[in-house]
Amino acid sequence: MRINPRYIDKIMRGSLTAQALFTVGILVLIVVVIFIKGFSHVSMEFIFSNPEDMGRLGGIFPSIAGTIFLGLLSIAFATPLGVGTAIFLTEYTRESFFTRIIRFGVESLAGIPSIIYGLFGFIFFVIKLKMGWSLLSGTLTVAIMVLPTIIRTSEEAIKAVPNNLKMVSFSLGATKWETVTRVILPSAAPGVLTGIMLSIGRAVSETAAVIFTMGSSLRLPTSIMDSGRTMAVHFYILAREGISMEKAYATALVLVCSILVINIVAYYLMNRMIARYS
Amino acid sequence: MNKKFIDKENIIKFVLALFALSSLLFLFVIFVFILSEGLPLFYKAGVTNIVFGMKWAPTKASFGIFPMIISSFMVTFGALVVGAPLALACATYLSEYAGRKMKIFLKPSLELLAGIPSVVYGFLGVVYIVPIIREHLGGAGFSILSTSLVLGIMILPTITSISFDALMSVPAAYREGSLAMGATKWQTIYRVVLPAARSGILASFILGMGRAVGETMAVIMVAGNALKIPTSLLDPLRTLTSNIALELAYATGDHRRALFSTGVVLLVIIMSLNLVANFWVKARVSK
């Protein structure tokens, strides 16, 4: 028996639509559940007070501060290295064996799972360099982890800058470096910022690489040699050790909201970059 | 041009080249330290005793991680079974059927949701998936099934967005040619578009597998972390990644070295997956 292809076409159309909506639906449902369960437990007091009794009571202020410190410090290390690499790869060299092995290095770093970064940061920064469980160890580990993201997005952004802008700059007698700093980077800024925002998002949501390098102290870190915990680590410990479901949901809500805001900003900047040059 | 001027440009180029080399340097240092901690135990205890050893009792000099290797492969495969068909359907719908408005709504939502931290997936797995499995299917609930479901959902955005890019890069002329011959839309997708995007789709599956095999915290929360080879879908398990994370905080001596050996095995698996993925992507580019 031969079924009319038109019927199959209709059935497949419906089935694919249903599956696509189901997929997005599951992901949206995750956010909705976190919002509903967490909303009633989040207050200004929760955000701005210290945890008590291992997190059973009180708020999450030290872990919010720890998350912000880790995010900002890690991009402070990774951005100059990453953007510098991207400028070198796009403006200062031609495709060659040298650029190929650099790209191989970047791709490989991007593929390494975060627990391996945790292992490495633990043995190298925490133990061999004697930094201990500290904000500094965590920062350096996460900086290496987000480097590929910054390099890739910056490279894409720099490549998107129209050639005639560069030509005009050169024709006015500017040197290569002047062209890079005054023409290329300002034009590529939204794209570079997208990479930076995505990297902060990665630092905020990371657990495995952070818990073994930054530790999990509940106190507010006051120097880069202090241990501390990020929101993701705090949430993991609350949930895993069954300390408090309410606080876990509330922490998850703050965590998911921060990630969504960071990603929305990244997405907005990326669209601005695309709108500018296409 | 005076001499000083040229010098400055050369110095800048040199410094930028050093920056670019830093990625390679980091990769090198990571490998050196993981290998220097992990490899000695392979000599001491024997490669087969570790890789094919059945018993993990690191304080009593038994470092067998075979059950964890098998478990890692099982849940990675499980995640792919759960996630890949849905993600591919989603990508196909987005690239072939979705109207402009739907695309504008769905594509950004997917990319935003890709950023949900993996611990959140793990947590919701414990709170919702594990009890449902415990009540309706039996066992403790912490199982291959729960882990595969959590990982499968987690890799949905990754696979969808890469497959979507692969489908979008199929030239419109292929579709027009097929439609002009009188084929229906589905025939065009099934016989023309999907085969043309095949290598990109496979690469997206492999990258999704890479994400699943490397995931740690979410897996610890839903897998039950037992030390046996699981024999049913409802058996608890411990993966390579969770083995490292569960014991690293307190391990010392050979026990800690054994965790680095686990890391070495994990790195070998990940590097092989990446090589295969690169191979597929290259094959697509050269085609």
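What counts and how
- Residues numbered from 1 in each chain as written.
- Chains lettered and ligands numbered in written order.
- Predicted model: local features only at pLDDT ≥ 70, side-chain atom pairs only at ≥ 80, totals over all residues.
- Helix = DSSP H or I, 4+ residues; strand = E, 2+ residues; numbered from the N terminus.
- Buried ≥ 20, exposed ≤ 12 C-beta atoms within 10 Å, placed from the backbone.
- Contact = placed C-beta atoms within 7 Å.
- Nonpolar A, V, L, I, M, F, W, Y, C, P; charged D, E, K, R; others polar.
- pLDDT = per-residue confidence, 0-100.
- Axes fitted to C-alpha atoms, helices over the stretch in contact; angles between N-to-C directions.
- Parallel < 35°, antiparallel > 145°, perpendicular 65-115°, else oblique.
- Left-handed = near helix turned anticlockwise from the far one by under 90°.
- Core = buried A, V, L, I, M, F, W, Y, C linked by C-beta atoms within 7 Å.
- Domains from an automatic or database assignment.
- Expected span 1.5 Å × (residues − 1).
- Bend = angle between axes of the 7 residues up to and from the residue.

**Q** Got a minute to help me understand the overall build of chain B in this structure?
**A** Each helix and strand in chain B was counted, giving 13 helices and two strands. Seen through its C-alpha atoms, chain B measures out along the principal axes to roughly 80 × 70 × 30 Å. In chain B, which comprises 287 residues, the share counted as buried stands at 47%. For chain B, contacts bridging at least 24 residues in sequence account for 73% of all contacts bridging at least 6.

**Q** What exactly am I supposed to notice about the overall build of chain A here?
**A** What chain A contains, in helices and strands, is eleven helices and two strands. Shown N-terminal to C-terminal, the secondary structure of chain A runs as helices and strands in the order α-α-β-β-α-α-α-α-α-α-α-α-α. Considered along the principal axes of its C-alpha atoms, chain A spans approximately 75 × 65 × 35 Å. For chain A, buried positions account for 51% of its 278 residues. Contacts in chain A between residues at least 24 apart in sequence constitute 76% of all its contacts with a sequence separation of at least 6.

**Q** How should the interface of chain B and chain A be read in this particular structure?
**A** Quite often, the size of an interface is put as the accessible area lost when its parts meet. Residue-level contacts link 63 residues of chain B with 66 residues of chain A. Ranked by the residues each element gives to the side of chain B that touches chain A, the list is headed by helix H1 (residues 3–45) of chain B, at 18 residues. For the side of chain B that touches chain A, a count of residues per class yields 44 nonpolar, 14 polar and five charged.

**Q** Explain the confidence of the model for chain B here, please?
**A** Predicted coordinates in areas of low pLDDT are best not read in detail. Residue and element names in this part refer to chain B. On average, residues of chain B score 90 in pLDDT, and 95% of them are at 70 or above. Ranking the helices and strands of chain B by mean pLDDT puts helix H6 (residues 144–154) first, with 96, and helix H4 (residues 100–113) last, with 82. What the predictor reports for the complex is a pTM of 0.92 with an ipTM of 0.91.

**Q** Explain the packing of helix H1 (residues 5–39) of chain A against helix H3 (residues 66–97) of chain B to me, please; I cannot follow it from the model alone.
**A** Helix packing for two helices is described by the angle between their axes and how far apart those axes are. In the contact formed by H1 of chain A and H3 of chain B, the axes pass within 8 Å of each other and the chain directions differ by 115°. Considering their axes alone, H1 of chain A and H3 of chain B lie roughly perpendicular with respect to each other. Crossing handedness for the pair H1 of chain A and H3 of chain B: left-handed. Listed contacts from H3 of chain B to Arg13, Leu16, Thr17, Gln19, Ala20 and Thr23 of chain A of H1 of chain A are Leu86, Ala87, Ala89, Cys90, Thr92, Tyr93, Leu94 and Tyr97 of chain B.

**Q** Would you take a moment to explain the environment of Phe14 of chain B for this structure?
**A** All names here are of chain B. Turning to its location among the elements, Phe14 is positioned in helix H1. On the neighbour-count criterion, Phe14 (12 C-beta atoms within 10 Å) is exposed. Expressed as a C-alpha distance, the spacing of Phe14 and Thr76, which sit 62 residues apart in the sequence, is 43 Å.

**Q** Is there a simple way to think about the nonpolar core in this case?
**A** Within soluble globular proteins, side chains that are nonpolar tend to cluster in buried spots. Residues Phe235 and Ala252 of chain A together with Val120 and Val222 of chain B are the most contacted members of the largest nonpolar core, which totals 174 residues. Each of two domains, domain 1 (1–39) and domain 2 (44–276) of chain A, supplies a minimum of three residues to this core. In this structure Phe235 of chain A touches Ala248, Thr251, Ala252 and Leu255 of chain A together with Val119 of chain B, once residues within four positions along its chain are discounted.

**Q** Where do I start with the packing of H1 of chain A against H4 of chain B in this structure?
**A** Their axes nearest at 10 Å, the elements H1 of chain A and H4 of chain B cross at an angle of 40°. One element, H1 of chain A, and the other, H4 of chain B, form an angle in the oblique class. Handedness of the crossing formed by H1 of chain A with H4 of chain B: left-handed. In this structure, H1 of chain A contributes Ala20, Val24, Leu27 and Val28 of chain A to the contact, and H4 of chain B contributes Leu106, Ser109, Leu110 and Leu113 of chain B.

**Q** What's the story with the environment of Leu202 of chain B in this structure? I'm lost.
**A** All names here are of chain B. For Leu202, the position within the fold is in helix H10 (residues 198–214). What makes Leu202 partly exposed here is the crowd of 19 C-beta atoms within 10 Å. A sequence separation of 40 residues divides Leu202 from Ile162, and the C-alpha atoms of the two residues are 9.7 Å apart.

**Q** Help me understand unusual backbone geometry in this model?
**A** Leaving glycine aside, a negative phi is the common case for residues, and trans is the common case for peptide bonds. For Lys130 of chain A, which is not a glycine, the phi torsion comes out positive at approximately 55°. Among the secondary structure elements, Lys130 of chain A is positioned in the loop between helix H5 (114–128) and helix H6 (135–160). Its identity is not glycine, yet Ala61 of chain B carries a phi of approximately 60°, on the positive side. Mapping Ala61 of chain B onto the fold places it in the loop between strand S1 (56–57) and strand S2 (62–63).

**Q** Sorry if this is basic, but what is going on with helix H8 (residues 176–205) of chain A here?
**A** Residue pairs spaced three or four apart in an α-helix point in one direction, given the helix's 3.6 residues per turn. If you check H8 of chain A, its first and last C-alpha atoms are just 38 Å apart, much less than what 30 residues at 1.5 Å a residue would give, namely 44 Å. Ala189 of chain A marks where H8 of chain A bends most, by close to 60°; the proline Pro190 of chain A follows one to four residues later.

**Q** Please explain helix H4 (residues 97–111) of chain A as it appears in this structure.
**A** In a regular helix each residue adds 1.5 Å, so 15 residues correspond to 21 Å; H4 of chain A covers 21 Å between its end C-alpha atoms and thus fits that length. Along H4 of chain A, the residues that are buried comprise Ile102, Gly105, Val106, Ser108, Leu109 and Gly111 of chain A.

**Q** Teacher, can you tell me more about the environment of Met271 of chain B here?
**A** As for its position among the elements, Met271 of chain B is in helix H13 (residues 253–286). Linking Met271 of chain B and Val81 of chain B, residues 190 residues apart in sequence, is a C-alpha distance of 22 Å.

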